[in-house]
Amino acid sequence: MFAIVEPMPEDYFGERVAERYDEWDAASFEPAVVDPVVDFLVDVAGDGRALELGIGTGRIALPLAQRGVRVHGIDLSAAMVARLRAKPGSDAIDVSIGDFATTKVPATFSVAYLLVNTIMNLTAQDEQVACFRNVAAHLEPGGCFVIEVGVPQLQRLPPGETIRAFDVSAARLGFDEYDVAAQGLVSHHYRQVDGRLDVISVPFRYVWPSELDLMARLAGMTLRERWGGWKREPFTSDSAMHVSVWEKTPAP
């Protein structure tokens, strides 16, 4: 008999990206950005364990562990996790290498979290649904799933256009290329690296808040709260992103 092995998703965060990730994304490592995220997750986690999907180089996991929360991470990129392992305090964090939509961890958690648009790295609706179901299987009854993700900016696209600039600076040029019919986009990043142009293009599947709510319901979770930011700013029609929390419904 032959075992059927599911193909692994493509790793867009390999060595080429991992070696410069913290440098390129330095602003997101500032305490003013990190502290509100950690405060929020500490509050939701309580005395329980946390599961981070897409743990990367440990931007949130390390300070969260320093606050006394036991963290387990899942990440597809061994190169990113190697950067995490080189940092002080990483020995307190367990990491599984794999696709966070399907990878199983032999533990249960009071909170799982998925940050900075990482849900959109799953480029098919079925994969996003599978992620919710995988999270629900790892949550304790009453446990919560927290997602930070942008609201699709389609209203900013001029009629007939498919490309929107999201960063035009001396350090980087960034453009999102939308495929509205397929609910997809590709983020293109252009930088000067060692005197040459470095181009990275990463595919995403954008997703609406109401669609995420339905995925949660399919996985046995219900929306508990939704905010426009980590400091619990109101979520409105003008919000560019949202922080949503779904709670696993206890079994009757």
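So, here is what we can say about the structure in this document. In this text, all values refer to a predicted model and were calculated from it rather than measured experimentally.

Here we look at the side chain of Gln183
Part 1: Secondary-structure assignment places Gln183 in the loop between β7 (173–179) and β8 (184–193).
Part 2: Of the residues examined, Gln183 reaches a relative accessible area of 18% and is grouped as buried.
Part 3: One polar contact links the side chain of Gln183 to the main-chain carbonyl oxygen of Tyr206, over a distance of 2.9 Å.
Part 4: Apart from the residues within four sequence positions on either side, Gln183 is in contact with Arg205, Tyr206, Val207, Trp208 and Glu211.

Considerations on the pattern of salt bridges
Opposite charge on two side chains permits them to pair, given that their charged atoms come into close proximity.
Part 1: Taken as a whole and judged by the stated rule, the model has 13 salt bridges.
Part 2: The partner of Asp198 in a salt bridge is Arg16, and the shortest N-O contact between them spans 3.2 Å. A residue pair is termed long-range when its members are at least 10 positions apart, and Asp198 in strand β9 (residues 196–205) and Arg16 in helix α1 (residues 15–18) qualify at 182 residues.
Part 3: On the basis of relative accessibility, which here comes to 5%, the residue Asp198 falls in the buried class.
Part 4: Owing to a relative accessible area of 44%, Arg16 belongs among the partly exposed residues under this scheme.
Part 5: One salt bridge in this structure joins Asp39 and Arg67, with 2.8 Å as the shortest N-O distance. With Asp39 in helix α3 (residues 31–45) and Arg67 in the loop between α4 (61–66) and β2 (71–75), the pair connects residues that are 28 residues apart, well separated along the chain.
Part 6: Each of Asp43, Arg224, Glu225 and Arg232 takes part in a single network of salt bridges with overlapping partners.

Rules used in this analysis
- Residues numbered from 1 in each chain as written.
- Predicted model: local features only at pLDDT ≥ 70, side-chain atom pairs only at ≥ 80, totals over all residues.
- Heavy atoms only, no water.
- Helix = DSSP H or I, 4+ residues; strand = E, 2+ residues; numbered from the N terminus.
- Buried < 20%, exposed > 50% of the residue type's maximum accessible area, 1.4 Å probe, protein only.
- Polar contact = N/O pair within 3.5 Å; in protein donor to acceptor, adjacent residues only side chain to side chain.
- Contact = heavy atoms within 4.5 Å.
- Salt bridge = Lys/Arg side-chain N within 4 Å of Asp/Glu carboxyl O.

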